[in-house]
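Each chain is listed here by its residues.
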Amino acid sequence: MKKTLKAAVALSVLAAPAYAANMENPLYMPKQGAVYSKTSAGVMYKIADDTQAMKLKDHDGATEFPIWRLHEELGYGILDNLEAYVKVGYTHDGDIDRKGMHLGRAGLKYRALEMSGYVWDLYADAQLGGISEMSGAYTTKGFNYDNYSNGRWGFHVGTQFGKQFEKISVAAFAEVLRTFGNDNNSIDVTGFLIDLSKFGASGIIPATALGFADEISVDLKSTTEVNAGLKAFYQMNDKWSFGTSFTYKHHADNGVEGLATDLGAINTGDPAMDAGLEMAGAQDKAVAYLMSIVEDMNDGFDEYVLGLSAAYQLNDTAQVAVYGEYTFDTAHEQSQNGTDVKAELGVRLNVQF
């Protein structure tokens, strides 16, 4: 009897689907003690849209290519139903001299249900946007980003529900991102000119002549963003598998609550003008004017991302995948992230230890 039972167990293990550990499967989770790595390298092609921000910068309709994109995801199975993970991403866009980390997350995923092919996951992670400060320059043509960080820390909470069929997996997910406002930013204002007619005087002077430092920091508001999507996966055989996805991403408007940097003395080079501007309260008026521009930056945008992938199993532990994404988006008038065309093609190496 015992031999029969052992044989049945062994047979059930051998009969288990080979795709159960496929790292491209949206329902994949590492077993206890297992470590996995997903390393992606891609190139993106963009054509900027015609928002007010792009027109002001004379960049509407401009092409940006190549934009290099790198992603790394590491995970560890604490238990069979509990995973720790870290995700980071880096982008370099030479056409607009913008580069830096665009993705940073570290957290836990818990498999709350796995029964009759149904899977329900809950997860939460830290948003690592505060690792690097937001960097850019404010000029008469608006704000120019130097990197992809908003300088804010935050957290995601999310859930995914899916179903595993014989060769097909489907999943739906939704998550909320909350970021916390801070002054983790550095904004160059040496190119920002102020029209003194707004303060009862005449002439145009740089903001630095009114006591602004060359680089200032501002207090950014907190934001709430939402991501949701659908995923489907097909295991054709032991070697080949294919995936498709649709993702919606809502990026909130940024906003500024106040100036975090102290102002120095007015120094236009003309003592009489300095005294007059001080009497007129030009500094307070200049700060109020600047804040009125950026209190609500009206730079939010929504993305609708279509994804396709094809993966080949190299051996028991390694897999290579080719992926492609095309993004439709709608951007607010001051957004610098809206596009007429946005497409990415890349390759991903998945390894489980």
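Here the structure is shown first, and the text comes after it.
Please read all numbers here as calculations on a predicted model, not as lab measurements.

Asks: Is there a simple way to think about helix 3 (residues 271-279) in this case?
Replies: Because an α-helix completes one turn every 3.6 residues, residues spaced three or four positions apart along the sequence face the same direction. Between a side-chain oxygen at the N-terminus of helix 3 and the backbone nitrogen of A272 the separation is 3.0 Å; the capping residue is D270. Positive phi shows up at G281, right after helix 3, with a value of about 65 degrees.

Asks: Help me understand empty space enclosed by the protein in this model?
Replies: Any space left empty among the atoms is revealed by the rolling of a water-sized probe across them. Enumeration according to the criterion identifies 3 cavities of 30 Å³ or more in this entry. Roughly 130 Å³ of volume is contained in the second largest cavity. Residue lining of the second largest cavity: 13 residues in total, with Y138, F143, I187, V218 and V294 positioned closest to the centre. Of all the elements in the fold, those that place two or more residues in the lining of the second largest cavity are strand 6 (134-139), strand 14 (218-220) and helix 4 (282-294). The residue makeup of the lining of the second largest cavity, split by class, is 13 nonpolar, no polar and no charged.

Asks: Where do I start with the layout of surface pockets in this structure?
Replies: By volume, the second largest pocket amounts to about 370 Å³. In this structure, the second largest pocket is lined by 23 residues; those nearest its centre are Y138, G142, F143, I293 and Q334. At the level of secondary structure, the elements contributing two or more residues to the lining of the second largest pocket comprise helix 2 (52-56), strand 6, strand 7 (142-145), strand 11 (193-195) and helix 4. For the lining of the second largest pocket, the class distribution of residues is 12 nonpolar, 5 polar and 6 charged.

Asks: What's the story with unusual backbone geometry in this structure? I'm lost.
Replies: The phi angle of most residues is negative, glycine excepted, and most peptide bonds adopt the trans form. Following F65, the chain continues into P66 via a peptide bond in cis, with omega recorded as 0 degrees. Position of P66 among the secondary structure elements: in strand 2 (residues 63-79). One non-glycine residue, S116, lies in the positive phi region at around 55 degrees. Looking at the element boundaries, S116 is found in the loop between strand 4 (98-115) and strand 5 (118-127). The phi dihedral of N298 falls on the positive side, at around 50 degrees, and the residue is not glycine. Assignment of secondary structure puts N298 in the loop between helix 4 and strand 18 (301-313). For N298, a relative accessible area of 29% corresponds to the partly exposed category.

Parameters and conventions
Residues numbered from 1 in each chain as written. Predicted model: local features only at pLDDT ≥ 70, side-chain atom pairs only at ≥ 80, totals over all residues. Heavy atoms only, no water. Polar contact = N/O pair within 3.5 Å; in protein donor to acceptor, adjacent residues only side chain to side chain. Helix = DSSP H or I, 4+ residues; strand = E, 2+ residues; numbered from the N terminus. 1 Å grid on protein atoms, 1.4 Å probe; cavity = no way out; pocket = protein on both sides within 12 Å on 5 of 7 lines; lining within 4 Å. Points joined across faces, edges and corners; volume = space filled by probe spheres on them. Nonpolar A, V, L, I, M, F, W, Y, C, P; charged D, E, K, R; others polar. Buried < 20%, exposed > 50% of the residue type's maximum accessible area, 1.4 Å probe, protein only.

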